[in-house]
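Listed here are the chains, written in short residue letters.
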Amino acid sequence: MNRAPISPIGAAFAVLACWSLACGSPTPPPPVDAGSGEDAFTPPPTPDAGPAYVRRPPPDAVTVAELAGVEVEVPDALFDHLPDRMGGGVCPLDLDGVPPMDLAFALRTGVRLYAASAPLAYVDVTEAYALDADSAMGCLAFDAEGDGDTDLLVTDRGAIRLFEREGGGFTEHTERLGLTLDPRDVYTSAAAGDVDGDGDIDLLVAGNIRYDTANFDALCEPYCGSMLTIHDAIPNLLLARDGEGYEDVTWELAPELTVAEMTLVVAITDLNGDDAVDLYVGNDLGGTYHDRALSREADGVYRDHYLRIGLGHDARGFGNCTMGFSSADVDGDGRIDHVVTSFANDPTTLFLCGDDGWCEPQRAEVSGTDATRASFRWGAMLVDLDLDGRPELFEATGHIFSDAELESSGELRDQPANLMWNVDGAFEPVEASAEDGRATPRSTRGVAYTDVDLDGRPDVVLAPAVGRPAILRNTWESAGRALWVSLRGRAPNADALGARVRVHTSEGVLVQDRRAGEGYLGSFDPRLVFGVPRGRPVDVEVRWPSGETSWTRDVRGGDVTIRQ
């Protein structure tokens, strides 16, 4: 049966409908190397006089844009085919042991590596470090072999590439992954962690679609490049480290991951507080593919337990059109919670996790995330920007469709990033004034935090689908002070992935997990940042991946390194 082409305006509206229905701080003290701490309980410190936190509402300008030598730019002409519209990740990493952190951007024009030469000053060292990748979707910074150096995994259309740090640069060892991939297959986010319990670091890679222009026809022209549902989904990959290489163990250890789904973000982390590694799979088109929460059962196999853990649906019972994912203790009860971003007109979902292991999806009107509904959100990041002990929510934004395709909807492709202030475990939107660097409309995808100016406050880095990366310097007057915790585990898990850090303060306990792979298409600063009370020492408890526990006493903020 022949099908008559529809009008461009009608096609754009049809695409929209189809997708929618489917889914200052004081200068920190010098760094401290705390060694292994003490293996004994230390009670919370006795409060000093004066307020622990001085909480202030957001100022008119929360962030100031600083490009700081990061001059790469993705041309607007590349906003064409769907993989090009989806890509753009960022990974803070440490190249030389000298702060600030360095930055790797995974862009459709390739991977660019920037070394921090000073606070707010970066130099392009891509060629100097022999990092040769002329196309990318996302990145993952992690220590693959446990030698203390940071390696890079790069995802792309038709490729997953491994660059290991050797000598003065990077050497590609993609052959160690042992994969033969279809050049049409699009791989998005990735995560690292010890999945099989043997101590070394495994990989979970998100498979999205088989992007095939042979699927284009008269019905979707001229907007075929932006349509998702005309393409087939592909499975995810679980790769176990085996000596110097990797083995595909998807079928053996997580057979449900072999089901073809349109996955955008994955995580290897303890989802429900039972001190066990879980696998999170965030899928687009939630009406077709629910998000997965896979736990390891007695036979060693990971199976989907979203009905027991949660995370599969929002509070209305609908599947999330999941774009980004982040985890932190949002409500201050000592348990890790989660947020999931989504398509425009589908608000971000906050999951609050209880001691029964269930993560309850909150109604957007209650959690405050209904304010995000109008924007198209990608990378999610929970981080304590005002250092008051509660994480804020920051979201990368920008529509998947061009302005021409959005003409009939009244929406725009480029959008200001979202910032949500944490007030007693719920979020309040922070409007961006004209002076705020966040106010500039952009088309961004990945997001990460790091301290670019060494003032102790976490700053924000955004990776673009088109345009230039944005470095947003945090100017929020801090309620407390920053504590940056670096963990040094035993090889081969030198990154201590899977460790849980509890900071015992006069005001309560702050908790975070060490993971690699979060947000969307990238990873965060390898250090964990806590907002701790001013003028009061804190005790840092680390539960290492091995099950051991160590304590470091009388820490007063700044940078601390804790070794297993």
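What you see is a predicted model; the values in this text were computed from it and never measured.

## Considering the overall build of the chain
Within the chain one finds five helices and 37 strands. Relative to a compact globule of 564 residues, whose C-alpha radius of gyration would be 24 Å, the chain shows 22 Å and is just as compact. Carbon and sulfur atoms make up 50% of the accessible area of the chain, which totals about 19600 Å². Across the chain, the centroid of the 44 positively charged side chains sits 3 Å from that of the 96 negatively charged ones.

## Topic: the state of the cysteines
This model, assessed by the stated rule, comprises two disulfides. What pairs with Cys91 in a disulfide is Cys139, and their sulfur atoms sit 2.3 Å apart. One quick way to see it: the torsion about the S-S bond of Cys91 and Cys139 is about 115°, and its sign makes the bridge right-handed. With Cys91 in strand β3 (residues 89–93) and Cys139 in strand β7 (residues 138–142), this pair connects stretches of sequence that are 48 residues apart. Of the two residues examined, Cys91 and Cys139, each falls in the buried class. Note on cysteine connectivity: Cys353 is disulfide-linked to Cys359, with sulfurs 2.1 Å apart. In this structure, the disulfide formed by Cys353 and Cys359 twists by about 105° around the S-S bond and is classed as right-handed. The pair formed by Cys353 and Cys359 is uniform in burial state, with each residue classed as buried.

## Comments concerning the packing of aromatic side chains
Scanning all chains against the criterion turns up 10 aromatic pairs. Ring centres of Phe343 and Phe376 lie 4.8 Å apart, and the angle between their planes is 65°; on these two criteria the pair is classed as edge-to-face. Separated by 33 residues along the polypeptide, Phe343 in the loop between β21 (337–340) and β22 (349–353) and Phe376 in the loop between α5 (364–367) and β24 (377–383) bring together distant segments of the chain. Each member of the pair, Phe343 together with Phe376, is buried. Clustering of aromatic rings is evident, with ring pairs tying together Phe343, Phe376, Trp378 and Tyr520. Above the face of the Phe170 ring, Arg165 is positioned so that its terminal group lies 5.8 Å from the ring centre.

## Some thoughts on the sheet that holds strand β2 (residues 63–65)
An order of β2-β30-β29-β28 is seen for the four strands of this open sheet, with the pairing classed as antiparallel. Among the strands making up the open sheet, the edge pair consists of β2 and β28 (444–450). Ignoring strand direction, the axes of neighbouring strands in this sheet form an average angle of 25°. In terms of strand pairing, β28 meets strand β29 (residues 459–464) through five bridges, oriented antiparallel. Bridging across to β29, Ala448 finds its partner in Val461.

## Quick word on the side chain of Ser486
When you line up the elements, Ser486 lands in strand β31 (residues 481–488). Look at Ser486 and you get buried, because its relative accessible area is 10%. Those residues in contact with Ser486, other than ones at most four positions away along the chain, are Arg527, Val560, Thr561 and Ile562.

## Side note on the environment of Ala396
Position of Ala396 among the secondary structure elements: in strand β25 (residues 392–397). Through-space distance from the C-alpha of Ala396 to that of Ile268 is 22 Å; in sequence the pair is 128 residues apart.

## Here we look at the nonpolar core
Grouped together as the largest cluster of nonpolar side chains are 61 residues, with contacts concentrated most on Phe394 and Leu483. The greatest single-element share of this core, amounting to five residues, is contributed by β31. Two domains each put at least three residues into this core: domain 1 (76–481) and domain 2 (484–563). The residues contacting Leu483, other than those within four sequence positions of it, are Val503, Leu528, Val529, Phe530, Val532, Val538, Val540, Val555, Gly557, Gly558 and Val560. Among the nonpolar cores identified, the runner-up in size contains 23 residues, and Ile209, Tyr211, Leu264 and Phe401 belong to it.

## Concerning the domain arrangement of the chain
Split into domains, the chain comes out as domain 1 (76–481) and domain 2 (484–563). Each side of the interface is counted separately: domain 1 has 68 residues, and domain 2 has 35 residues. Here domain 1 and domain 2 share an interface that buries about 3700 Å² over both sides, 53% of which is from carbon and sulfur atoms. When the area that domain 1 buries against domain 2 is broken down by residue, the three leading residues are Ile336, Tyr449 and Arg481, summing to 18%. The partner of Asp275 in a salt bridge is Arg543, and the shortest N-O contact between them spans 3.4 Å. Across the domain 1-domain 2 interface, the total number found is 21 residue pairs in polar contact (both at pLDDT 80 or more).

The rules behind each value
Residues numbered from 1 in each chain as written. Predicted model: local features only at pLDDT ≥ 70, side-chain atom pairs only at ≥ 80, totals over all residues. Heavy atoms only, no water. Helix = DSSP H or I, 4+ residues; strand = E, 2+ residues; numbered from the N terminus. Rg over C-alpha atoms; globule rule 2.2 N^0.38 Å. Areas by Shrake-Rupley, 256 points an atom, 1.4 Å probe, with all protein chains shown as cover. Lys, Arg positive; Asp, Glu negative; His and termini not counted. Charge placed at Lys NZ, Arg CZ, Asp CG, Glu CD. Disulfide = S-S within 2.5 Å. Buried < 20%, exposed > 50% of the residue type's maximum accessible area, 1.4 Å probe, protein only. Phe/Tyr/Trp six-rings, centres within 6.5 Å; stacked < 30°, edge-to-face > 60°. Lys NZ or Arg CZ within 6 Å of the ring centre and 35° of its normal. Pairing = 2+ DSSP bridges. Axes fitted to C-alpha atoms, helices over the stretch in contact; angles between N-to-C directions. Contact = heavy atoms within 4.5 Å. Core = buried A, V, L, I, M, F, W, Y, C linked by side-chain atoms within 4.5 Å. Domains from an automatic or database assignment. Buried area = accessible area lost by both parts, 1.4 Å probe. Salt bridge = Lys/Arg side-chain N within 4 Å of Asp/Glu carboxyl O. Polar contact = N/O pair within 3.5 Å; in protein donor to acceptor, adjacent residues only side chain to side chain.

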